[in-house]
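Coordinate inspection notes
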Amino acid sequence: MKAWGRNLYAAVLVDIHMPRMDGHELTRQLRASEANRDGARTPIIAITADAMKNEEERCFASGMDGYLAKPVSIERLRATLERWLPIQGL
């Protein structure tokens, strides 16, 4: 969260199962931080090995914008990121 307050990011890729803070809690905190500062909504994409349907729904409910189940191909990652970012020349 320290880096979030000092920098602007085009997108955030978040693993659902992280030590200390899971991806859902991180997303909630990032969204709360965005609400307290003027700026655009940063796309947050979940990347997880948990491919169950209810996990995808939980990701969107916690404020994430996208969901990718591992293993993630570069083509799928690119297609997901292109929804929010202008990606050229890759």
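Residues numbered from 1 in each chain as written. Predicted model: local features only at pLDDT ≥ 70, side-chain atom pairs only at ≥ 80, totals over all residues. Heavy atoms only, no water.

**Section: the overall build of the chain**
Helix and strand content of the chain: four helices and three strands. Mapped in sequence order, the helices and strands of the chain form the string α-β-α-β-α-β-α. What you see for the chain is a C-alpha radius of gyration of 13 Å, in line with the 12 Å of a compact globule of 90 residues. C-alpha atoms of the chain, sized along the principal axes, occupy 35 × 35 × 20 Å. The buried share among the 90 residues of the chain stands at 34%. When contacts within the chain are restricted to residue pairs at least 6 apart in sequence, those whose partners lie at least 24 apart make up 49%. Surface summary for the chain: the accessible area is close to 6,000 Å², and the carbon and sulfur share equals 55%. Here the chain carries 13 positive and 12 negative side-chain charges, and the mean point of each set is 4 Å from the other. (Helix = DSSP H or I, 4+ residues; strand = E, 2+ residues; numbered from the N terminus. Rg over C-alpha atoms; globule rule 2.2 N^0.38 Å. Buried < 20%, exposed > 50% of the residue type's maximum accessible area, 1.4 Å probe, protein only. Contact = heavy atoms within 4.5 Å. Areas by Shrake-Rupley, 256 points an atom, 1.4 Å probe, with all protein chains shown as cover. Lys, Arg positive; Asp, Glu negative; His and termini not counted. Charge placed at Lys NZ, Arg CZ, Asp CG, Glu CD.)

**Regarding the sheet that holds strand β2 (residues 44-48)**
Taking strand neighbours across the sheet as the criterion, the three strands line up as β1-β2-β3 in an open arrangement whose pairing is parallel. The outermost strands of the open sheet, each flanked by one partner alone, are β1 (12-15) and β3 (66-69). In this sheet, adjacent strand axes meet at a mean angle of 25° when their direction is disregarded. Examined bridge by bridge, β1 and β2 share four bridges and lie parallel to one another. The residue bridging Val14 from the neighbouring strand is Ala46, located in β2. On top of the sheet, helix α4 (residues 74-81) reaches β1, β2 and β3; it is set at about 175° to β3, its chief contact. (Pairing = 2+ DSSP bridges. Axes fitted to C-alpha atoms, helices over the stretch in contact; angles between N-to-C directions.)

**A short note on the environment of Ile16**
Position of Ile16 relative to the elements: it lies in the loop between β1 and α2 (23-36). Taking the C-alpha atoms as reference, Ile16 lies 13 Å from Ala61; in sequence the two are 45 residues apart. Apart from residues lying up to four places away in sequence, Ile16 is in contact with Asp22, Gly23, His24, Ala46, Ile47, Thr48, Glu55, Cys59 and Met64.

**So, the nonpolar core**
With 11 residues, the main nonpolar core is built from Trp4, Val12, Val14, Ile16, Leu26, Leu30, Ile44, Ala46, Cys59, Met64 and Tyr67. Of all elements in the fold, only β1, α2 and β2 reach the threshold of two or more residues within this core. Among all residues touching Cys59, those that are not within four sequence positions of it are Ile16, His24, Ala46, Met64 and Tyr67. (Core = buried A, V, L, I, M, F, W, Y, C linked by side-chain atoms within 4.5 Å.)

Remember, this is a structural readout, not a statement about activity or role.
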